[in-house]
Amino acid sequence: LYGAGGDGNYTWTSPDIADLNTSIGSTVIATPTTTGTKTYTVNSTNSNPLCPVVNSADAIVNVYATPSLSLTDTSICSGNSVNITANPTVLGGTYSWDNGGSTNTISVTPNSTTTYTLTYAVPSCPNSVESVTVSVYNSPVVDFTVSNTNACLSTSIDFTNISTNATSYLWDFGDGITSTNANPSIEYTSIGSKTIKLIGSNPGCSDSITKVNFLTVNEKASAIFSTNTNQISTNDLDVVFYNNSIG
């Protein structure tokens, strides 16, 4: 801050006087520690006894917070595009992305995981530099097999996951039965045909497969028989056995 006029005797006053390196002299350095509008007043005295005038002038300084950026890492599926948006804390600056972009939002389609760097400049403030990473994943291919497509009630059925490029799974076996295990084993408590759905995902994309009426659940077999009589003797020639088995 500079003072001029008068006979060169200058004093400075301000509600934020602690910001100044000195309160005397034509040139002072202000180092504000808080944001807002600051008023620094310079007073110049005239030592001429015939006109002892005190002149004053105000220097108005608007102090802004050092700008910062908010960028969020993201993930996409290979071949897809994504918008990256910067959210600065102080508006009115210029954007300079290392891929040539000059706005707060850029659209990118990286072939592999890529980091983008943005320099944000606000006049009279230090530049803010931040980076954001776009992770690229291959699309999953989802499939599975089963240990037995004709199963019995309350008997364990083993599912084998043969998916690729997936890191998490959601199974739907019908009858309200689900699982997030990669290779689950389940038991059904109702008979009939069952449709199975598997969703495979990674942080960037997902795939699913549904196999309709993929397996059948049957009653458990029960070996039961009866005879045509409950009493026999050595004179009886024939005893008839009836097969009443279930399953």
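That block above? That's the structure.
This structure is a prediction, so every number in the text was calculated from the model and none was measured.

> Before we move on, could you go through the packing of aromatic side chains and cite the residues and values that matter?
For any pair of aromatic rings, geometry is given as the distance between the ring centres together with the angle between the planes. Counted under the stated rule, the structure contains seven aromatic pairs. Measuring from centroid to centroid gives 5.1 Å for F144 and W171, while their planes differ by 65 degrees, and the two rings are edge-to-face. Here the residue F144 occupies a position in strand β10 (residues 144-146), and W171 occupies one in strand β13 (residues 168-172), the gap between them amounting to 27 residues. For the pair F144 and W171, a shared accessibility class is recorded, and that class is buried. Taking 5.4 Å as the distance between ring centres and 10 degrees as the angle between the ring planes, the aromatic pair formed by W171 and F173 counts as stacked.

> I'd like a description of the state of the cysteines, backed by residues and values.
This structure, assessed with the given rule, holds one disulfide. For C77, the disulfide goes to C205, at an S-S distance of 2.3 Å. Given an S-S torsion of about 70 degrees, the disulfide between C77 and C205 has right-handed geometry. Highlighted residues: C77 in strand β4 (residues 74-77) and C205 in the loop between β16 (192-201) and β17 (206-218), separated in sequence by 128 residues. Using a relative accessible area of 12% as the deciding quantity, one classes C205 as buried.

> Can you tell me about the sheet that holds β13, naming the residues and giving the values?
Reading across the sheet, the five strands line up as β11-β17-β16-β13-β14 and stay open at both edges, with mixed pairing between neighbours. Among the strands making up the open sheet, the edge pair consists of β11 (150-152) and β14 (178-179). The sheet contact formed by β13 and β16 spans five bridges and is antiparallel. Paired with S168 across the two strands is S201, which belongs to β16.

> Break down the sheet that holds strand β15 (residues 185-186) for me, with residues and values.
Strand order in the open sheet made by the three strands is β10-β12-β15, with antiparallel pairing throughout. One side of each edge strand has no neighbouring strand; the edge strands of this open sheet are β10 and β15. Direction of pairing for strand β12 (residues 157-161) relative to β15: antiparallel, over a ladder of two bridges. Bridged to I157 within β15 is I186.

> Summarise the pattern of salt bridges; cite the residues concerned and give the values.
According to the stated counting rule, one finds three salt bridges in the structure shown. Of the charged contacts, one joins K211 and D143 as a salt bridge, the two residues approaching to 3.0 Å between their closest N and O atoms. Remark: D143 occurs in the loop between β9 (128-137) and β10 and K211 occurs in strand β17; sequence separation between them is 68 residues.

> Provide a residue-level description of the environment of N83, including the pertinent values.
For N83, the position within the fold is in strand β5 (residues 82-85). In sequence terms N83 and S107 are 24 residues apart; their C-alpha atoms lie 4.4 Å from each other. Discounting residues that sit within four places of it in the chain, N83 has contacts with T105, I106 and S107. Within polar-contact distance, the side chain of N83 engages the side chain of S107 at 3.5 Å.

Definitions and limits used
Residues numbered from 1 in each chain as written. Predicted model: local features only at pLDDT ≥ 70, side-chain atom pairs only at ≥ 80, totals over all residues. Heavy atoms only, no water. Phe/Tyr/Trp six-rings, centres within 6.5 Å; stacked < 30°, edge-to-face > 60°. Helix = DSSP H or I, 4+ residues; strand = E, 2+ residues; numbered from the N terminus. Buried < 20%, exposed > 50% of the residue type's maximum accessible area, 1.4 Å probe, protein only. Disulfide = S-S within 2.5 Å. Pairing = 2+ DSSP bridges. Salt bridge = Lys/Arg side-chain N within 4 Å of Asp/Glu carboxyl O. Contact = heavy atoms within 4.5 Å. Polar contact = N/O pair within 3.5 Å; in protein donor to acceptor, adjacent residues only side chain to side chain.

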